[in-house]
Amino acid sequence: MPPTQAESVIKNIIREIRQECAAHGEIVSETLVAFMVKAVVLDPSNGFNTDRTLIKSDVQKLVKLCVARLLDSKNPSLDTIKMQVYFDMNYTRREEFLEEHHRVVESRLGSVTREITDSRACIREELESLYRKIVSYLLLRSGLGSPTDIKVVREATAALQSVFPQAELGTFLTLSEKDKERQLKELTMIVTGIRLFNRDCGKGGEGIDDLPAILQEAIPATTQHIDSQLQVVQDQAYRYTAILEKVVKNPLLSQELQPYMLKEALYNLRQYEIFLQIILSDIITCAQEVEMMIKQLGAQLEQLKMTVKSKTAVPTSQVFPIFIALSNLWTSFQDETVLISVLSNLTTHLESFLGAHELFFPEKVMQDLLDRVAVKTDVCRVKEHMEDRVNPADFRNLEWLFPETTANFDKLLIQYRGFCGYTIAATDGLLLPGNPAIGILKYKEKYYTFNTRDAAYSFAENPENYIDSITEKAKKNAELIQLLELHQQFETLIPYSQMKEVGKHIKPITMCESSTQTDTHLLPPTIVRSYEWNEWELRRKAIKLANLRQKVTHSVQTNLSHMRRENCSQVYPSKTASTQSLREGSSQVPRPQIYIAGLRGGQTKTTYGVKVNLTRGVDET
């Protein structure tokens, strides 16, 4: 069947189911009906083949089953599914909620903004009307008072005139549309900062609520309410769990307790508990943000007072940034106020999906079921087996993670929301919290915890068998798909609020002691110190060398500087030069040969020397 035709068939089925429910006085949302249709088709007991095209009889059967389940007001499973659909449709993460809230505020101001930016006022009355519209825009955007309150309008107008007098409207009208919008936002922040400062000084602040005080009162009250709700639902879940454990040990009680639908009731409580914990986490984040912002607000106001003091005029470059910072802080306070209100309303509406418990399990029935049964809390169950740890040596092909060997141990994404996978599969859906201290099993890049060491060993022997058993159990109880986060096995039923989390998981960072040693300068350095990559630096050096050829270095020494400092000069080294003539020539002169005779004496006492010149003549050579 083509996709468009299949979508048309599904839409017709959903519309028919809604009409049937409405005829019986039950108004159901399209999202709830769509979820129920897929849940009924997945349930193997209903006999639908997802690979085969639905025929007319299949459609009639599907409509009948869905209507029957949607009209079963005494079924905890239906309450859990309604709770999941409601939470998915109404809960938004903090960042996404604030982004959407700001977008909605901008869209609401769109028409007012266009009236101002598109204005072509010329005469005095038109300019005055435009100025009043700007004042209204500032009040609407800042949320500090109503534009219909004359006292608020006067205060805002006075603050605006101090930074943007009406005479400057002419310059404002010459700006482009984007520049006008930018200036309007900037004026809003400055005027808001001025009004907040005047309020702190006791000179104004008409229509401005004390948001820090309101939040400091609302957050603890909301937190206390959620804590009390958590305590009640956890106590009830512990009692259901104790009864179901008793049934597991004594199978004869299973038939007796089947009409009570204890497991479905337990799923309902556990899902409600998880949603409350998500909301409580967001409120704690709000409390931390508010505490930090209150400190920043006090610091900014104190800095502004120190800057202004008793001066009649202060440079705008000093005070405007502080006014803008005050405005941004107050906007954050407004965001936190809206967020707390939404979370509080969400908590109140979730309580309506717990009505079946008092009907099915009055106190007398619970006391009879709990006879001779010890009720244990999740904390007690974890402490009981704290010392029973898995021995990794028993599993050569499986990886086990422990707190002392894994840096991000507490941040790992545990399968089945931290419930013991073995217990869910072996006891047909009993939810017991896993104990990470026993050891976390890493199997196919997923992480599993167990409530006892024996459960861990049993699961590790054949993980695929237990994983498939849990998947089959989820097909029969569709509320388990979101409760245990089985989104990858049932991608068509992933809630929108968790779409971004599919496929994301934190990988463990294992720790161990290790050391390394390397030789220093194992290889001779290959760095060329004279290398220069910059072309302009090379040009500079070339010009310097070219200029140097036409220069002469001089140095001078005086009598005072002589022998007191070193002097140096730079010259070009001399070069070897030679010339060659047409022919080679040579000349030779006679060697002088002169002898003196009679120096040794003779027969006479007086010595007489006789000089004899034996040098040959030049012409004889």
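These remarks concern the structure in this document. (Residues numbered from 1 in each chain as written. Predicted model: local features only at pLDDT ≥ 70, side-chain atom pairs only at ≥ 80, totals over all residues. Heavy atoms only, no water.)

### Some thoughts on the nonpolar core
So, step 1. Of all hydrophobic cores here, the largest spans 117 residues; its most connected members are Ile134, Leu160, Phe164, Trp400, Phe450 and Leu484.
So, step 2. It is helix α13 (residues 262-308) that provides the largest number of residues to this core, a total of 19 residues.
So, step 3. In this structure, Met36, Ala39, Val41 and Cys66 belong to the second largest nonpolar core, which totals 24 residues. (Core = buried A, V, L, I, M, F, W, Y, C linked by side-chain atoms within 4.5 Å. Buried < 20%, exposed > 50% of the residue type's maximum accessible area, 1.4 Å probe, protein only. Helix = DSSP H or I, 4+ residues; strand = E, 2+ residues; numbered from the N terminus.)

### Let's talk about the side chain of Asn451
So, step 1. Within the secondary structure, Asn451 is located in the loop between β3 (446-448) and α19 (453-461).
So, step 2. With a relative accessible area of 15%, Asn451 lands in the buried category.
So, step 3. Within the structure, the side chain of Asn451 is placed 3.3 Å from the side chain of Thr423, a separation counted as a polar contact.
So, step 4. The contacts of Asn451, once residues within four sequence positions are left out, are His385, Cys420, Thr423, Leu432, Pro433, Gly434, Asn435 and Ile438. (Polar contact = N/O pair within 3.5 Å; in protein donor to acceptor, adjacent residues only side chain to side chain. Contact = heavy atoms within 4.5 Å.)

### Quick look at the pattern of salt bridges
So, step 1. On inspection of all chains with the given rule, the structure shows 24 salt bridges.
So, step 2. Residues Arg270 and Asp378 are paired through a salt bridge, measuring 3.1 Å at the closest nitrogen-oxygen approach. Here the residue Arg270 occupies a position in helix α13, and Asp378 occupies one in helix α17 (residues 378-384), the gap between them amounting to 108 residues.
So, step 3. For Arg270, a relative accessible area of 3% corresponds to the buried category.
So, step 4. One salt bridge in this structure joins Arg417 and Glu485, with 3.5 Å as the shortest N-O distance. Placement of the pair is Arg417 in the loop between β1 (399-401) and α18 (421-426) and Glu485 in the loop between α21 (479-483) and α22 (535-548), with a sequence separation of 68 residues. (Salt bridge = Lys/Arg side-chain N within 4 Å of Asp/Glu carboxyl O.)

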